Amino acid sequence: MQPRNPPNGSPRCGAARRRTVAAFAAPVAAAAFFVPAAAYLAWQLTTGVLPPSRFDALEPGRPRAELGRLLPARTFPYPPDHARSAPRPPGTNCEFYRSGRDLLDQVDLYRLCWSNGTLVAKDTLEANRN
């Protein structure tokens, strides 16, 4: 009569153990990559937010040194193509900021265009809410 449970060293036990380890290792490895990546993306999206009240207080013609206290520490690093390709004043460098912290919905973008440290233009680029 054969025993109901094979001994721990049997080939069937080894194969079952490998399948169990593989079943748990793959999700753990994926989570170890995706959770920090999602947290970093959320951090990027929320630290480049310029509240509407501060955007309204920005006046073209004023130097960046005066307006710097109103600006967030970071710009929005991922403006969509339609925002990057929108016409801008010649000789300016434009930066983008999000108008809200909502991570699950599109928000309007604010574009600030600077020339020689002076704010030349400010625009609101509306989100594509289709």
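See the structure shown above.
Residues numbered from 1 in each chain as written. Predicted model: local features only at pLDDT ≥ 70, side-chain atom pairs only at ≥ 80, totals over all residues. Heavy atoms only, no water.

**Quick look at the state of the cysteines**
Formally, a disulfide is one covalent bond, and it connects the sulfur atom of one cysteine to the sulfur atom of another. On inspection of all chains with the given rule, the structure shows one disulfide. A sulfur-sulfur distance of 2.1 Å marks the disulfide that ties Cys 94 to Cys 113. With the S-S dihedral at roughly 100°, the linkage between Cys 94 and Cys 113 falls on the right-handed side. With Cys 94 in strand β1 (residues 93-98) and Cys 113 in strand β2 (residues 109-115), this residue pair connects regions lying 19 residues apart in the sequence. The class of Cys 94 is buried, set by a relative accessible area of 15%. (Disulfide = S-S within 2.5 Å. Helix = DSSP H or I, 4+ residues; strand = E, 2+ residues; numbered from the N terminus. Buried < 20%, exposed > 50% of the residue type's maximum accessible area, 1.4 Å probe, protein only.)

**Section: a nonpolar patch on the surface**
Together, Tyr 40, Leu 41, Trp 43 and Tyr 78 make up a nonpolar patch on the protein surface, roughly 430 Å² of accessible area in all. Mapping Tyr 78 onto the fold places it in the loop between α3 (64-67) and α4 (81-84). Relative accessible area serves as the criterion here: at 43%, Tyr 78 is assigned to the partly exposed category. (Patch = residues over 30% accessible without salt bridge, like charges linked within 9 Å, V, L, I, M, F, W, Y side chains within 5 Å. Areas by Shrake-Rupley, 256 points an atom, 1.4 Å probe, with all protein chains shown as cover. Salt bridge = Lys/Arg side-chain N within 4 Å of Asp/Glu carboxyl O.)

**Observations regarding the sheet that holds strand β3 (residues 118-125)**
Strand order in the open sheet made by the three strands is β1-β2-β3, with antiparallel pairing throughout. Both outer strands of the open sheet, β1 and β3, are each paired with one neighbouring strand and no more. On average, adjacent strands in this sheet sit at an angle of 20° to one another, irrespective of strand direction. In this structure, β2 lies alongside β3, joined through seven bridges in antiparallel fashion. What sits directly across from Trp 114, in β3, is Leu 119. (Pairing = 2+ DSSP bridges. Axes fitted to C-alpha atoms, helices over the stretch in contact; angles between N-to-C directions.)

**Looking at unusual backbone geometry**
For Asn 116, which is not glycine, the phi dihedral falls at a positive 50°. Note on placement: Asn 116 falls in the loop between β2 and β3. Using a relative accessible area of 80% as the deciding quantity, one classes Asn 116 as exposed.

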